Amino acid sequence: MLKDRITGAKALMRALQAEGVKTIFGYPGGSIMPVYDALFDYTRGEKKCFDHILVRHEQGATHAAEGYARVSGEVGVALVTSGPGVTNTLTGIADAMLDSTPIVVIAGQVAISALGTDAFQEVDLVGVSQPISKWSYQIRHAEDVAWAVSRAFYIARSGRPGPVVLDFARNAQVEEIDYNPERIDFIRSYVPYPKLDSEAVRQAAELINNAKKPLALVGQGVELGNAQSELKHFLEKADIPAGRTMLGLSALPSNHPLNVGMLGMHGNYAVNLKEQECDVLIAIGMRFSDRVTGNLKTYAKQAKIIHLDIDKSEIDKNVKTDVAVVADCKESLPAITELINKGDHKEWRDSFKPLDEKERKKVIEPAIHPKDGLLLMGEVVNAVAEKAPDDAVLVTDVGQNQLFATRYFKYHHKRSICTSGGLGTMGYGMPAAIGATFAAPERCVCCFMGDGGFQMCIEELGTIMEQKSPVKMIVMNNNYLGNVRQWQDMFWLRRKSFTKMMNPDYSLIAKGYGIAYEAVTDRKDLSAAVERMLNTDGPFILECAIKEEDNVLPMTPPGMNVNEMMLEI
């Protein structure tokens, strides 16, 4: 084999190139400086093969990598230094772990001769990241670079995806080696794609064929497995209504006739109530989060449970299953579809309609078409959703903005939603939206944030300014940490303990960053302002003054049964 003597830092460049990496989100520092020196030649001139996006905070690098991964379907990459540089990424790593997002975080580390001496900016990265990552490994010698990078990307993207951390010792970055490419596609004892059990498939099909009131619960696993068309074929053949988790919202188009809404604490009324009435419940690529199930002691006890998931550890973890089909849903869904009969559940599907109408009258219409008063979050989201292109990507921060946005946005294409589900990370929205614009530069990226989350990663406006990232930022400003305020009003005797916000003048901040800005305080100005935002090239901040006590409804109070949803407070 032809050998080429290069440094470990240059070996990293070649290994990343071999993995098809195009975009890196990063922030340099002392312990990663040899890598950044090598990166210099790979980001310009004839050798250019990477775009490096200089973020303003390392947490932003991981969230941007997440947004990139969620929209592109590829592995997102973050590059940072040691010590505080990498500890700043831990929130993003944990977020990616809980939401099964494939990212690789590469961090500098002190030389192995200094390990354990409390050297400047030394931290036990493998120790602190192992519990919140899919794999964490320290590269101690340059000869291990190609192997470690290939293994990292294989683990991150295969099976149930997730974050991988590489701790790159400084001596390994500068050592010279004879570079040999590596390609890892097998790891002993690691089985990312379990073998499909034909007997489980048969049992699942039998339950579905005998069901009178089947209900499918669609999770992000369908998106991760690129099984959107397989899902539609399955649902349409069996004539099964389907609810979607928050992270699975774009796995099935909003206007599909079998879509019956969003599951969960703030999901749609009918589908949550019908979980307690169905006779067969088919969970597809979802983990039965507590935000979906409510009180587990009473959840869907009348139903036979079929659980399709690639990760065996999810089976029976929260909800006891009758049939478990452990496999990639891109393989399991067609296998089940082949064995099921052509279904007709019109009477069952029609039974959702009165409940849908009840929610429409009591909640949806007042939220998106209020007749008077201050602006509401629902009408702002609806105004953007009606005018945004069909292939628009929704990115949200966390809180009321997230719940309103996910409820009222429209999903027409796959991979159209980026939001922090499992960890609920405030500050996620803006950097994730930056990543989304690099993943799909041809798509419109609409990022909804509250005034609290907007300020958590506000420094990333600098990244947007420098990159001219065309993020359409909708800041729904109610001068509160709105979701906590709503819970304080409902469950804590209206004692608003430190949820009131004093906010800056966002127009001056936008001006400082050279980003187009407009404020809306009256609903008569909303539609035109949204049009101007969407028609403006480059980034835009649309600040909307929201009624302070705007509440997200429906709501299943924590610990209550899933069918005990409140339509009003």
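Keep in mind it's a predicted model, so treat the numbers as computed, not measured.

Student: Would you mind going over the overall build of the chain with me for this structure?
Tutor: A count of helices and strands for the chain gives 24 helices and 20 strands. On C-alpha atoms alone, the chain measures out to a radius of gyration of 24 Å, which is about the 25 Å that the 2.2 N^0.38 rule sets for 569 residues. Judged by the C-alpha coordinates and their principal axes, the chain covers about 70 × 60 × 45 Å. Across the 569 residues of the chain, 59% fall into the buried class. Within the chain, residue pairs in contact and separated by at least 24 positions form 77% of the contacts whose partners lie at least 6 positions apart. By element, 51% of the accessible surface of the chain is carried by carbon and sulfur atoms, the whole surface being about 23,000 Å². Between the mean site of the 62 positive side-chain charges and the mean site of the 72 negative ones, the chain shows a separation of 3 Å.

Student: It is not clear to me how the packing of aromatic side chains should be interpreted in this structure. Could you clarify?
Tutor: Between two aromatic rings, the relevant description is the distance of the centres plus the angle of the planes. Following the criterion strictly, the structure yields 14 aromatic pairs and no others. Seen from their ring centres, Tyr-42 and Phe-50 are 6.1 Å apart, and the 25 degrees between their planes marks the pair as stacked. Of the two residues, Tyr-42 and Phe-50, neither departs from the other in class, the shared state being buried. Here the aromatic cluster, defined as three or more aromatic residues joined through ring pairs, consists of Phe-25, Tyr-68 and Phe-438.

Student: Please clarify how the sheet that holds strand S16 (residues 417-418) should be interpreted in this entry.
Tutor: In a beta sheet, neighbouring strands are held together by backbone hydrogen bonds and run either parallel or antiparallel to one another. Taking strand neighbours across the sheet as the criterion, the 6 strands line up as S16-S15-S17-S18-S20-S19 in an open arrangement whose pairing is parallel. A single partner strand is all that each edge strand has here, and the edge strands are S16 and strand S19 (516-520). Where strand S17 (residues 445-450) and strand S18 (residues 471-477) come together, 6 bridges link them in parallel fashion. Considered in S18, the bridge of Val-445 is made with Val-471. The strands touched by helix H17 (residues 377-387) are S17, S18 and strand S20 (540-545); relative to S18, the strand with the most contacts, the crossing angle is about 165 degrees. The strands touched by helix H24 (residues 526-535) within the sheet are S17, S18, S19 and S20, with S20 carrying the most contacts at an inclination of about 165 degrees.

Student: I keep staring at the sheet that holds strand S4 (residues 76-80) and nothing clicks. Help me out?
Tutor: Within the open sheet, the 6 strands sit side by side as S3-S2-S4-S5-S7-S6. Their pairing is parallel. Single-partner strands in this sheet number two, and they are strand S3 (51-54) and strand S6 (135-139). Put simply, the sheet's adjacent strands are angled 20 degrees from each other on average, direction ignored.

Student: Got a minute to help me understand the state of the cysteines in this structure?
Tutor: One covalent bond between the sulfur atoms of two cysteine residues makes up a disulfide. If you walk through the whole model with that rule in mind, you get 0 disulfides. Cysteine Cys-329 is unpaired, with the sulfur of Cys-418 as its nearest cysteine sulfur at 18 Å. Cysteine Cys-447 shares no disulfide, and the gap to the nearest cysteine sulfur, in Cys-446, comes to 9.1 Å. On the accessibility criterion, Cys-447 (0% relative accessible area) is buried.

Student: When you look at the packing of helix H1 (residues 8-18) against helix H7 (residues 145-157) in this model, what are you seeing that I'm missing?
Tutor: For any two helices packed against each other, one specifies the inter-axial angle together with the distance between the axes. Running from amino to carboxyl end, H1 crosses H7 at an angle of 35 degrees, the nearest separation of the two axes being 9 Å. Taken as a pair, H1 and H7 cross one another with a handedness that is right-handed. Residues Gly-8, Ala-11, Leu-12, Ala-15 and Leu-16 of H1 pack against Val-145, Ala-146, Val-149 and Phe-153 of H7. Classifying every residue of the contact of H1 with H7 by side-chain character gives 8 nonpolar, 1 polar and no charged.

Student: Hey, could you run me through the layout of surface pockets in this one?
Tutor: Gaps left between atoms are located by rolling a probe of water-molecule size over the structure's atoms. Each pocket or cavity is described by its volume, and for the second largest pocket that value is around 670 Å³. In terms of lining residues, the second largest pocket is bounded by 29 residues, among which Ser-254, Asn-259, Val-260, Gly-261 and Asn-268 are the most central. Contributing elements (two or more residues each) for the lining of the second largest pocket: strand S11 (259-262), helix H15 (346-350), helix H16 (353-368) and helix H18 (400-408). Here the lining of the second largest pocket gets 6 residues from one element, more than from any other, and that element is H16. Residue composition of the lining of the second largest pocket, by class: 12 nonpolar, 8 polar and 9 charged.

Student: Can you walk me through empty space enclosed by the protein in this structure?
Tutor: Taken as a whole, this structure holds 3 cavities of 30 Å³ or more when the rule is applied. Put simply, the largest cavity is a space of about 60 Å³. Every residue lining the largest cavity is listed: Arg-70, Gln-220, Glu-223, Leu-224, Leu-247, Ser-250, Arg-415, Ser-416 and Ile-417. Residues belonging to the lining of the largest cavity are distributed by class as follows: 3 nonpolar, 3 polar and 3 charged.

Student: Help me understand the environment of Gly-421, please; the structure alone is not making it clear to me.
Tutor: Checked against the element boundaries, Gly-421 lands in the loop between S16 and helix H19 (429-439). Separated by 32 residues in the primary sequence, Gly-421 and Gly-453 place their C-alpha atoms 15 Å from one another. With near-sequence residues (within four places) excluded, Gly-421 lies in contact with Asp-99 and Leu-247.

Student: Looking at this structure, how should I read the nonpolar core?
Tutor: Note that soluble globular proteins tend to have their nonpolar side chains buried in a common cluster. Core analysis: the biggest nonpolar cluster contains 69 residues, and Leu-281 and Phe-448 have the highest contact counts within it. Broken down by element, the residue count for this core peaks at 6 residues, all from H17. With residues near it in sequence (within four places) discarded, Leu-281 still touches Leu-215, Leu-217, Glu-275, Phe-288, Tyr-299, Ala-300, Ala-303, Lys-304, Ile-305 and Ile-306. Counting 41 residues, the second largest nonpolar core, distinct from the first, contains Val-35, Ala-142, Ala-156 and Ile-187.

Student: How should I be thinking about unusual backbone geometry in this particular structure?
Tutor: Leaving glycine out, the prevailing phi sign among residues is negative, and the prevailing peptide bond configuration is trans. Cis geometry marks the peptide bond from Leu-553 to Pro-554; its omega dihedral reads -5 degrees. By secondary structure assignment, the location of Pro-554 is in the segment after S20. For Ser-189, which is not a glycine, the phi torsion comes out positive at approximately 80 degrees.

About the criteria used
Residues numbered from 1 in each chain as written. Predicted model: local features only at pLDDT ≥ 70, side-chain atom pairs only at ≥ 80, totals over all residues. Heavy atoms only, no water. Helix = DSSP H or I, 4+ residues; strand = E, 2+ residues; numbered from the N terminus. Rg over C-alpha atoms; globule rule 2.2 N^0.38 Å. Buried < 20%, exposed > 50% of the residue type's maximum accessible area, 1.4 Å probe, protein only. Contact = heavy atoms within 4.5 Å. Areas by Shrake-Rupley, 256 points an atom, 1.4 Å probe, with all protein chains shown as cover. Lys, Arg positive; Asp, Glu negative; His and termini not counted. Charge placed at Lys NZ, Arg CZ, Asp CG, Glu CD. Phe/Tyr/Trp six-rings, centres within 6.5 Å; stacked < 30°, edge-to-face > 60°. Pairing = 2+ DSSP bridges. Axes fitted to C-alpha atoms, helices over the stretch in contact; angles between N-to-C directions. Disulfide = S-S within 2.5 Å. Left-handed = near helix turned anticlockwise from the far one by under 90°. Nonpolar A, V, L, I, M, F, W, Y, C, P; charged D, E, K, R; others polar. 1 Å grid on protein atoms, 1.4 Å probe; cavity = no way out; pocket = protein on both sides within 12 Å on 5 of 7 lines; lining within 4 Å. Points joined across faces, edges and corners; volume = space filled by probe spheres on them. Core = buried A, V, L, I, M, F, W, Y, C linked by side-chain atoms within 4.5 Å.

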